[in-house]
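Each chain, written out:
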Amino acid sequence: MSHFLKKMSRRAIVQALIALPALSLFRPAADPDEIDPDEIIEVNGWILRRSDLA
């Protein structure tokens, strides 16, 4: 793994890290019965449990 990271430029690594949160937009919508109330999510920089939002 470290060999792989050495071949990547810092710019590519930073761009990949910035793009990671956008991947959650493409996640398929879950059935409301399957949503875990204890799942940890991020909302505007705040780390919360789903149950805190209800």
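Above this text you will find the structure in question.
If you're wondering where the values come from, they're calculated on a predicted model, not measured in any experiment.

**Observations regarding the pairing of strand E2 (residues 46-49)**
A regular strand carries its side chains on alternate faces of the sheet. The pairing of strand E1 (residues 40-43) with E2 spans 4 bridges and is classified as antiparallel. The residue bridging Glu-42 from the neighbouring strand is Ile-47, located in E2. Connecting E1 to the antiparallel partner E2 that follows it, the hairpin turn spans 2 residues, and Asn-44 within it adopts a positive phi of roughly 50°.

**Considering the environment of Arg-49**
Along the chain, the position of Arg-49 falls in strand E2. Taking the C-alpha atoms as reference points, Arg-49 and Glu-39, 10 residues apart in sequence, are found 5.6 Å from one another. Excluding residues that lie within four positions of it along the chain, Arg-49 makes contacts with Pro-37, Asp-38, Glu-39 and Ile-40.

Cut-offs used in this document
- Positions within a chain are numbered from 1, following the residues in the order the chain's sequence is written.
- Reporting in this predicted model follows two pLDDT cut-offs: at least 70 for local features of residues, and 80 or more for side-chain atom pairs to be given and counted; totals over whole chains, interfaces and linings ignore these cut-offs and use all residues.
- To get the side-chain values, all heavy atoms of the structure are used, and hydrogens and water are removed first.
- For two strands to be treated as a pair, DSSP must find at least two bridges joining them.
- Helix and strand definitions follow DSSP, with helices as H or I runs of at least four residues and strands as E runs of at least two, each counted in order from the N terminus.
- Any two residues having at least one pair of non-hydrogen atoms within 4.5 Å are treated as being in contact.

Functional significance is not addressed by these values, which are geometric in nature.
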